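# Residue-level structure breakdown
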Amino acid sequence: MTEQIDVATLIAKMAQDIETQMQTRGISTYEIVGIHSGGVWIAQQLRQALKREQAVGEINISFYRDDFTRVGLHPQVSPSNLPFVIDNTHIVLVDDVLMSGRTVRAAMNELFDYGRPASIQFAVLIDINQRELPIAPSVVGTVMALATDERVKLIGPEDLHVNIQKIAIQDN
Amino acid sequence: MESEIQLTPSGRLKHFLSVSGLSRALLTEILDTAESFIEVGERNIRKVPLLRGKTVVNLFFEPSTRTRSTFELAAKRLSADVLNLDISTSATSKGESLSDMLENLEAMASDMFVVRHSQSGAAHFIAESVTPNVAIVNAGDGWHAHPTQAMLDMLTIRQHKGSFEGLKVAIVGDILHSRVARSQIRALNTLGVAEVRVIAPNTLLPNDVECLGVKRFTQMEDGLKDLDVIIMLRLQKERMQGGLLPSEQEYYRLYGLNQQKLAMAKPDAIVMHPGPINRGVEISSDVADGPQSVILNQVTNGIAIRMAVMSMAMSGQTETNTSRKEALE
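Residues numbered from 1 in each chain as written. Chains lettered and ligands numbered in written order. Predicted model: local features only at pLDDT ≥ 70, side-chain atom pairs only at ≥ 80, totals over all residues. Heavy atoms only, no water.

A word on the sheet that holds strand β3 (residues 112-117) of chain B. All names here are of chain B. Taken together, four strands build an open sheet; the order of strands is β2-β1-β3-β4 and the sheet is parallel. Each edge of the open sheet carries a strand with a single partner, namely β2 (81-86) and β4 (135-141). The average angle at which neighbouring strand axes cross in this sheet is 15°, direction not considered. Relative to β2, strand β1 (residues 55-60) runs parallel, the two sharing six bridges. Pairing of Phe-60 across the sheet is with Asp-86, part of β2. Those strands touched by helix α3 (residues 66-77) are β1, β2, β3 and β4, and its axis lies near 180° from that of β1. (Pairing = 2+ DSSP bridges. Helix = DSSP H or I, 4+ residues; strand = E, 2+ residues; numbered from the N terminus. Axes fitted to C-alpha atoms, helices over the stretch in contact; angles between N-to-C directions. Contact = heavy atoms within 4.5 Å.)

Written out as structure tokens, the structure reads:
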């Protein structure tokens, strides 16, 4: 089933929120980094909405996952690409879905391997409040509640839309 | 046989002993994984936490500088703890058997052995009979195989040529004693190049070399024509016994790669060499250092390939051990 989520509207709202927050904090320059792959798509849309010239950074957390021995590597995904210096830079980290918080934890660990950012804000399209870590987003498109057998997925990169899928629950 | 022992039931790598028996898809997966590790080597902090808390033991029964140091760097870039054992100067000289020594190392909770041995089949033997629950990576066994060297060569070829389709590749030199050549031939054929040639004097070619899927040439003039890739092998002086060659000078005159011979291949042909180079024996300095040489790319790629193989084998082995433990509970 497809829930009626208007991604474009949410992104416009997120862009505005980012601008407001940056003004409040007195930050004039910052860089946007998307988490592969859905986060990169959202980051690129935010870049357009914010009329920014700088390219967005891309971060691929495959090598930072805490479950790789269970799920294996995903080699086909493209490597991280951060076309700017991380040291002393304000970063807006972007992802499509925030659920347990494990992905953004891995992404922050990876960012710190490139340098020491001045600050990190976290912007996310959909917040599903099933946190397993003490992590809170700075900017949220929408909050969504999911049943235990449901997963949400952003489909893209053209014509971004959100799918909700039923999954088979596995015993762990 | 080798393919079975190397893979988990779901087809993931758990040991890396040989290229033979591995599918094109799996070899491509190794290359793709390595490709994504190259970027790690370009970072400020050249380290990812993938193998944090894992112990990798480098077991080198045969001396090696480059292979051992790139395996060590690869393991360290994956955040593993690395133990380097130079066996020729340690336990075995006190009379301890190989099996006893390895079982001791396993009891120290080692997760991976990187094995270099002068006996063909050593890594396979360890994986099969001695410590099957430790992931084994073959870093060269006798005349048999040197699969990570072959894969880093494949990565170098793919980077420079885009794909393997239609390529004509020659391996030049001491094929007889070369585990590198054997692994390269298998990898090239599995990945689907158009033609693999071997060029060497008859004394340095195995009798039945054609059955590996190669064309045999004994003259550089014939073999170098239309080539896209030239792989020069080191003349293994330490293995030259029994008058296989008249002299090094004679070998260089006939089989050494210089500018004049290089001009017989395609103008955009790349020149490779697994190192260490004997300048003036198998290759001239101006070719080794020239624009068509990709020898130093090979070294850089060696770290990425070893990171890929180590992380894939560790992941597969951990999966196997986890499911075995669960079955016991």
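Residue and element names in this part refer to chain B. Running from N to C, helix α6 (residues 147-161) and helix α12 (residues 295-328) point in directions that differ by 120°, and their axes come no closer than 8 Å. Between α6 and α12, the angle falls in the class oblique. Along this stretch, α6 crosses α12, giving a crossing that reads as right-handed. From α6, Thr-148, Gln-149, Met-151, Leu-152, Asp-153, Leu-155, Thr-156, Gln-159 and His-160 reach across to α12, where they touch Asn-297, Gln-298, Asn-301, Gly-302, Ile-305, Arg-306 and Val-309. Residues belonging to the contact of α6 with α12 are distributed by class as follows: five nonpolar, nine polar and two charged. (Parallel < 35°, antiparallel > 145°, perpendicular 65-115°, else oblique. Left-handed = near helix turned anticlockwise from the far one by under 90°. Nonpolar A, V, L, I, M, F, W, Y, C, P; charged D, E, K, R; others polar.)

Okay, the interface of chain A and chain B next. The partner chain B presents 22 residues to the 18 residues of chain A that form the contact. Across the chain A to chain B interface the summed buried area is about 1,700 Å²; carbon plus sulfur atoms make up 62%. For the salt bridge of Arg43(B) with Glu110(A), the shortest nitrogen-to-oxygen distance reads 2.6 Å. At the surface where chain A touches chain B, the tally comes to six residue pairs in polar contact (both at pLDDT 80 or more). When contributions to the side of chain A that touches chain B are tallied by element, the ones reaching two or more residues are α3 (68-71) and α4 (102-114) of chain A. Here the residues of the side of chain A that touches chain B are counted per class, giving ten nonpolar, five polar and three charged. (Buried area = accessible area lost by both parts, 1.4 Å probe. Salt bridge = Lys/Arg side-chain N within 4 Å of Asp/Glu carboxyl O. Polar contact = N/O pair within 3.5 Å; in protein donor to acceptor, adjacent residues only side chain to side chain.)

Turning to the sheet that holds strand β1 (residues 31-35) of chain A, a few remarks are in order. Paired through their backbone hydrogen bonds, the strands of a sheet run either parallel or antiparallel. Residue and element names in this part refer to chain A. Here five strands make up an open sheet; going across it, the order is β2-β1-β3-β4-β5 and the pairing parallel. Of all strands in the sheet, those with a lone pairing partner are β2 (57-59) and β5 (139-144), marking the two edges. On average, adjacent strands in this sheet sit at an angle of 25° to one another, irrespective of strand direction. The pairing of strand β4 (residues 119-128) with β5 spans five bridges and is parallel.

Residues and elements named next belong to chain B. You can read the domains of chain B as domain 1 (2-145 + 301-316) and domain 2 (147-299). Here the C-alpha centre of domain 2 lies 25 Å away from the C-alpha centre of domain 1. Across the contact, 36 residues belong to domain 1 and 30 residues belong to domain 2. Of the roughly 2,600 Å² buried between domain 1 and domain 2 on both sides combined, carbon and sulfur atoms contribute 60%. Put simply, domain 1 and domain 2 have three salt bridges between them. The residue Glu-35 makes a salt bridge to Arg-158 at a minimum N-O spacing of 3.4 Å. One can count 15 residue pairs in polar contact (both at pLDDT 80 or more) joining domain 1 with domain 2. Considering each element in turn, the side of domain 1 that touches domain 2 owes the most residues, nine residues, to helix α2 (residues 24-38). For the side of domain 1 that touches domain 2, the per-class residue count stands at 16 nonpolar, twelve polar and eight charged. (Domains from an automatic or database assignment.)

The next subject is the confidence of the model for chain B. Looking at chain B, the pLDDT average stands at 91 and 96% of residues meet or exceed 70. Here the predicted complex scores 0.87 on pTM and 0.71 on ipTM. (pLDDT = per-residue confidence, 0-100.)

Under the defined criterion, the tally for this structure stands at two aromatic pairs over all chains. Summarising the aromatic geometry, the rings of Phe63(A) and Phe37(B) are spaced 4.1 Å apart at their centres and angled 15° between planes, so their arrangement reads as stacked. Linking Phe63(A) in the loop between β2 and α3 with Phe37(B) in helix α2, this pair reaches from one chain into another. Accessibility assignment for this pair places Phe63(A) and Phe37(B) in one class, buried. (Phe/Tyr/Trp six-rings, centres within 6.5 Å; stacked < 30°, edge-to-face > 60°. Buried < 20%, exposed > 50% of the residue type's maximum accessible area, 1.4 Å probe, protein only.)

On to unusual backbone geometry, then. In this model, His36(A) is joined to Ser37(A) through a cis peptide bond whose omega is -5°. When you line up the elements, Ser37(A) lands in the loop between β1 and α2 (38-49). For the bond running from Gly156(A) to Pro157(A), omega is 0°, close enough to zero to count as cis. Positioned with a positive phi, Ser79(B) is a non-glycine residue whose angle comes to about 70°.

So, on to α2(A). All names here are of chain A. Between the first and last C-alpha of α2 there are 17 Å, a value that for twelve residues agrees with the 16 Å anticipated at 1.5 Å per step. Residues of α2 that are buried include every one of Gly-38, Gly-39, Val-40, Trp-41, Ile-42, Ala-43 and Leu-46, and no others. Considering only its buried residues, α2 is in contact with α1 (7-25), β1, β2, β3 (90-98), β4 and β6 (150-155). (Expected span 1.5 Å × (residues − 1).)

Per the counting criterion, the structure on display carries 21 salt bridges over all chains. Glu150(A) is the partner of Lys166(A) in a salt bridge, and the nearest nitrogen-oxygen pair spans 3.7 Å. Residue Lys166(A) is found in strand β7 (residues 161-166), and its partner Glu150(A) is found in strand β6; the two are separated by 16 residues along the sequence. Note on Lys166(A): relative accessible area 59%, which makes it exposed. Given a relative accessible area of 12%, Glu150(A) falls into the buried group. Across the pair Asp289(B) and Arg279(B) runs a salt bridge whose closest N-O atoms are separated by 2.9 Å. Of this pair, Asp289(B) sits in the loop between α11 (285-288) and α12 while Arg279(B) is found in the loop between β9 (270-272) and α11, placing the two residues ten residues apart along the sequence. Through salt bridges with shared partners, a single network forms among Glu110(A), Glu39(B) and Arg43(B).

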